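Residue-level structure breakdown
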Amino acid sequence: MAKAYFSRATVLNGIVIRSTVDNGIIDTVKLPPLGNRFLTVEAKDIKGENRLKVANDYIPLLSSNQISYRGQPIMALFGFDSESVQLKAQEIDISYRLTETQHTDQSAAPYAKAFGDLDAVSKTPDLKSYTQTYDFTRLHSPSYYITRIMAGMDGGMLHVIAPTQWMFHMRDSISDVTLIPKKKIVIHRMPFYAPHDEMLLTPSILAALAALASIKGNYPVEIQDSYPVFRPAMHVERTTWYMGDGKPVAESVNATVDQGATPLFSEEMANQMFAGFSPPCPLEATRISIQFRTSDQSPANFYGDLGYGEALASTEMQYNRIGQLTAQNPFVWKSQYYGNSPSHDRMLLCSRFAEMKKMTADLVQKSDYARKYASCQVLRNQSEKFSSFFSYARGVAFAVGPGIAGFSNVCKNITPLSVQLELDTGDKVKVNTSFYTIGASAKIWKKVIGERLGVQEQNILFPADTDEMMDSGPSVLASNSGRMPLQIQRVCDQVKQKRFVNPLPLVESVSGFPASNNLFTSMSWVGMVLELSVDTITFKPLVKNIWISVLTGRIFDEQAYREKIRHTIVTTLLENGATLAIGRNLTIDLTLQSDGEGIGSSVSSAVRSMTLATFSSALDQALGGFPILLPVTSEQILSTIMRKRV
Amino acid sequence: MYEELRSTTVHTPITLSEYGQIANRFPDALNWAGGTYLMSRPNFYPMDSNIEIIDLSGIEELQRITRTDRYIEIGSMVTAAQLLDTGRQILPPVLLGALTSIGSTIVRRQITVGGSLCIPDIRLSIPTALAVLDAMAEVRIYLANGKNVTRWIPVSRLYDKDGKFVPFEGKFLLTHIRIGLQYGAYQRFLITGNPMREGNFSVIIAFQAEKTAVALGKVQLCVTFPKKGFFISKEIIGQLSGINLPIAPKTIWTITGNLKGELRKTYPSLSSLQQERALRRFASILYDLNTLYLQS
Amino acid sequence: MNLDCTIDGKGLSLSVNSNKPLLLILTEDVGIKSLNSNCHGTHCGNCLVLVNDVVVLSCLMPAFRLKDATIQTFEGFSKTRQCRDIERAYQVSGNKPCPNCYASKTLLIESILQSLTGEHHAGREITMPGRIHNQIVGDTKQLDEDSITKELALNTCQCMDTGELLQIVEIALSYRRRKNVRRA
């Protein structure tokens, strides 16, 4: 472990100096006298590229001129102790020439998918239509967690000790920036926890700065930073055309996504959102259009997922409203109309609709949803529910959606996504992947290999940090528990075919996935019912009861699975403005249905999505109509109540 | 500690007279009580200035709680946890409510009563509760000429209407707080939102009244908006004093409406959320009074 | 100033600024890894440590108050029997805090267990000079669910709801009380 190379007492401590304006040009940078006790890293110190390649896009490293967002890195300052560095940083005087705030469309044409002739179908006589907007505002992860990265040269090699979700990206970025050959860079991976993908790109930026400092100062360094990551803001407008009996006929979705100053992964994000926006019911025509925009805000892309959760949530909220408008219980409406359809299958091929409907029927019965829905609808029409004397308003909602994991089947831009397996004598197996190999996911892979090849799990080894590794891509979108086990299954099958035929050692590898006509395939479903009330003194929505059912393939560790689902629900609710009933007044009833075969798609994104959808729909019912803007704030609830009064 | 940094000098007096000597020599020194406010300031550390700190934790006479027949006297360095533990049986409910509203014992152990009164720009639970109890604060002021004066000031007069601490004419030290033992049987302390984490949206209300046979007497009311206001309205208090119980809903509506008008006039920049929360909490206190009266 | 103290069982003499927060001393001067956040004193609740066996927010504890103190971070606490009570409770309940707040939530639960079992004040009289005397006796102090919930709210990480945490506290308390009875 490279930590032995660096002693805390002999590293330079560094921080990143960031811009304090939203938009502008750097006029002057006045540095105080630094002497030989401080070291700066500026754009002019970069021998290689002053940017990091991310798929087909680039993200700037240090700016010496144009400022595109508040918080953009300008330079880094290092010194022998952190107090001196922080005080010296306060003396750095950067002046800016401000420019006007800009919002621009990133591309001339939006990403679009269409099925059927929407213009013709929407003109069908006797059709009704319903249009609703859904707004998901920018969110950020907590800004008090600190990321620490160490870098230093030793024996001609650059050692970097860092947490990262994308090891090869970090190594390649350091190489591009410093011009050190990739073979001379060793990344020692530290454990991390990144529910919002905090360790995807930021560590690469910090590692590049640390590497530059270490080379310039000929000293090992440690850089620390606590800049958050952001969820992109999304505005969605949906119009559904339906018959008088509620049967949906056509759908149009227009979405605008603000990815901040530097859009990244836009094409893949569009694919993920197409899968979420596409309604799982047979329609004669659909049209989905997603426009990406830039603005003078920090880049926003991955935030636990890549837009699927919010897109799917809008679909569920929309059809809850349609169900309501047609005087039906939304569950009844969805049971009637959800099913396979060509338009949906192209985006997201789902199976097991029959089992899904049985699962949701059981869910609805267990939660007594139908009765509660009816009584909340009655309450919705009462006028006095907002008085401080009768201090409550109640709502209940239902949602169901499929789970997906990993990148779309057409995604080519994100590295090869490879994994290699070597079977040697004595049934020894070496799995070569750049993913983290400690934790619950690695245990799943070992189980799959053990079962597939009939080897003992203790004979399965992973590469050390200093070994040559296969690039398995970024560890995002539940890849380590979704895509990776499927890839490992495939490579095991390849080895099995040649076992006892070809001599050992047998080395097989797989990259990516076979071509497919669908963007995604799902083998899991999540159904949820959520009940809440609104406290009309504090104006906070209080979630009381949640029932959730998950239908999936094999579950390897049920306790960990349940814990993850519960964490996801609680975190999503609290992030989006809910308060939870205190103590034992909150119930989260989770039912798992596993068929024990096949690896199911990850449900994290779907759980998030169902939580957003049911929370929002229940709040809408409680307040008798609520503009869908997440996260919810007490001010919004108050202004909704006040508008109702007038 | 490194060459370029000069470590902050910390003085540790053990008596008030020793404190006085230090205060006269270093009038700009920071009084350090619990430290929770000072350490939460941006750029608190590292601080590149030659500041002096006077650590009050060694002054024993500031850590006493004494009781007579007429009042309780609390040293300014008594922590919220100590006060709650010691005074659970004797302290007025509105003050107990304020102390428990701080939430965690871990934080209560670090907050001092005097320190919470002296925060310059944020008003929180303890001052609100003490204001309705007519508590008095003993303040020692160390004048530039080397003399010092001692005054007893009502806690409600320590702040202006915007909740800012009213400065004294010299370096000062709040030493004791005195609370009379005659207080109303009806007390309420209500807090909405988290004043530390959402200071712009939270509201703190303390209320105290005596209940005679059929009417309210000796009413005290204080409404605090942590970063914006410290509101004591003689008008509203006047409207409630002598009011017959139960209070008719129409009267509750009228008085609440008057409170709304007062808040709008006094705090035009108050958000509608904070205002509405204050009004609804206030109305709920009055409805609660009715319930108690009808139950008795 | 020269700060002499014991950190996780090791006697140390550190040269630090007198107003340096304990959190920064532990992360920068001592290299404690379990402390991974700094909210600058705004009560995120993620920097808990034990000072003289009492749980404190280390970002609000200045160096000049730590003379001869015994400090135990999560790294030291995790090796104790008390920590095992809490870890067993996590296992039995099937829920545990996320890695970001695991250390602090565990110490927060420890603080609650200390209050519920009176472990630090058992039998000790706290005498206020003057006329008020108070005695806090061990094993009799009761905290209701509401108070425990308020205690747990100190840590702002949103990974767990209070119901799960209450269950964990209950289970850990039963282990702790059983242990105390056995030792008594």
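The numbers attached to residues start from 1 for each chain and follow its sequence in the written order. Chains and ligands are labelled sequentially in the order written, the chains with letters from A and the ligands with numbers from 1. Totals for whole chains, interfaces and linings use every residue, but because this is a predicted model, local features are given only for residues with pLDDT of at least 70 and side-chain atom pairs only at 80 or more, for both listing and counting.

**Examining the sheet that holds strand S3 (residues 48-51) of chain C**
Neighbouring strands of a sheet are bound in pairs by backbone hydrogen bonds; such pairs are parallel or else antiparallel. All names here are of chain C. Taking strand neighbours across the sheet as the criterion, the five strands line up as S2-S1-S5-S3-S4 in an open arrangement whose pairing is mixed. The open sheet terminates on both sides in strands that have one partner only, identified here as strand S2 (10-15) and strand S4 (54-57). Between one strand axis and the next, the sheet turns through 40 degrees on average, direction left out of account. By the bridge criterion, four bridges tie S3 to S4 in an arrangement that is antiparallel. Residue pairing in the sheet places Val-49 in a bridge with Val-56 of S4. By the convention adopted here, residues make contact when the C-beta atoms placed from their backbones lie within 7 Å. To get an axis, fit a line to the C-alpha atoms, keeping to the stretch in contact for a helix; angles then go from 0 to 180 degrees between the N-to-C directions. Under the scheme used here, helices are H or I runs from DSSP no shorter than 4 residues and strands are E runs no shorter than 2 residues, and both carry numbers assigned from the N terminus. Against the sheet, helix H4 (residues 102-117) makes contact with S3 and S4, and its axis sits at roughly 45 degrees relative to S3, the strand it touches most. The criterion for strand pairing is that DSSP finds at least two bridges linking the strands in question.

**With respect to the packing of helix H2 (residues 80-87) of chain B against helix H3 (residues 93-101) of chain B**
All names here are of chain B. Running from N to C, H2 and H3 point in directions that differ by 135 degrees, and their axes come no closer than 10 Å. By the angle between their directions, the pair H2 and H3 is classed as oblique. Along this stretch, H2 crosses H3, giving a crossing that reads as left-handed. Contacts from Ala-80, Leu-83 and Leu-84 in H2 reach Leu-96, Leu-99 and Thr-100 in H3. Basically, the charged four are Asp, Glu, Lys and Arg, the nonpolar ten are Ala, Val, Leu, Ile, Met, Phe, Trp, Tyr, Cys and Pro, and anything else, Gly included, counts as polar. Its residues placed into classes, the contact of H2 with H3 shows five nonpolar, one polar and no charged. Angle categories: roughly parallel below 35 degrees, roughly antiparallel above 145, roughly perpendicular from 65 to 115, and oblique for all the rest. Note: crossing handedness is left-handed where the near helix turns anticlockwise from the far helix by less than a right angle, and right-handed where it turns clockwise.

**Focus on the interface of chain C and chain B**
Listed by partner, the interface residues are 33 residues for chain C and 30 residues for chain B. Mapped onto the side of chain C that touches chain B, the elements with two or more residues apiece are S4, H4, strand S7 (133-136) and helix H5 (145-152) of chain C. With three residues, S4 of chain C is the largest single contributor of residues to the side of chain C that touches chain B.

**Concerning the packing of helix H13 (residues 558-575) of chain A against helix H14 (residues 604-622) of chain A**
Residue and element names in this part refer to chain A. Contact geometry of H13 with H14 gives a least axis separation of 9 Å together with a crossing angle of 40 degrees. With respect to each other, H13 and H14 are oriented oblique. Considering the relative orientation of H13 and H14, their crossing is right-handed. Facing Lys-564, Ile-565, Thr-568, Ile-569, Thr-572 and Leu-573 of H13, the residues of H14 in contact are Ser-604, Val-607, Arg-608, Thr-611, Leu-612 and Phe-615. Looking at the contact of H13 with H14 residue by residue, the classes come out as six nonpolar, four polar and two charged.

**So, the domain arrangement of chain B**
Residues and elements named next belong to chain B. Source of the domain bounds: an automatic or database domain assignment. Domain boundaries assigned for chain B yield domain 1 (9-58), domain 2 (62-180) and domain 3 (186-295). Computed from C-alpha atoms alone, the centre-to-centre distance between domain 1 and domain 2 is 18 Å. At the interface, 13 residues of domain 1 touch 15 residues of domain 2. When residues in the side of domain 1 that touches domain 2 are grouped by element, the largest group, five residues, is from helix H1 (residues 16-25). Partitioned by chemical class, the residues of the side of domain 1 that touches domain 2 number seven nonpolar, six polar and no charged.

**A closer look at the sheet that holds strand S7 (residues 148-154) of chain B**
All names here are of chain B. On the basis of which strands lie adjacent, the open sheet formed by five strands has the order S4-S5-S8-S6-S7 and antiparallel pairing. Strand pairing shows two members of the sheet lacking a second neighbour, strand S4 (65-67) and S7, which therefore form its edges. Neighbouring strand axes in the sheet, compared pairwise and without regard to direction, differ in orientation by 20 degrees on average. Here strand S5 (residues 71-75) pairs with strand S8 (residues 171-180) via five bridges, running antiparallel. From the neighbouring strand, Gly-75 faces S8, where its bridge partner is His-176.

**A short note on the environment of Ile-53 of chain B**
Take Ile-53 of chain B: it is sitting in strand S3 (residues 52-55). Through-space distance from the C-alpha of Ile-53 of chain B to that of Ser-284 of chain B is 45 Å; in sequence the pair is 231 residues apart. For Ile-53 of chain B, the contacting residues outside a window of four places in its chain are Thr-8, Val-10, His-11, Ala-29, Leu-30 and Trp-32 of chain B together with Asn-19 of chain C.

**Brief notes about unusual backbone geometry**
Pro-505 of chain A follows Leu-504 of chain A through a cis peptide bond whose omega is 0 degrees. Relative to the assigned elements, Pro-505 of chain A resides in the loop between helix H12 (483-498) and strand S26 (506-511). Cis geometry is adopted by the peptide bond preceding Pro-631 of chain A, which originates at Leu-630 of chain A and carries an omega value of 0 degrees. Mapped onto the elements, Pro-631 of chain A comes out in the loop between strand S32 (628-630) and helix H15 (634-645). Backbone geometry at Phe-500 of chain A places phi at a positive 65 degrees, although glycine is not the residue there. With respect to the helices, strands and loops of the structure, Phe-500 of chain A is situated in the loop between H12 and S26. Neighbour counting defines burial: a residue surrounded by 20 or more other C-beta atoms within 10 Å of its own C-beta is buried, one with 12 or fewer is exposed, and intermediate counts give partly exposed, using backbone-placed C-beta atoms. Judged by C-beta crowding, with 8 C-beta atoms within 10 Å, Phe-500 of chain A ranks as exposed. The backbone of Asp-68 of chain C sits at a positive phi, close to 60 degrees, despite the residue not being glycine. Examined against the element boundaries, Asp-68 of chain C turns out to sit in the loop between S4 and strand S5 (70-72).

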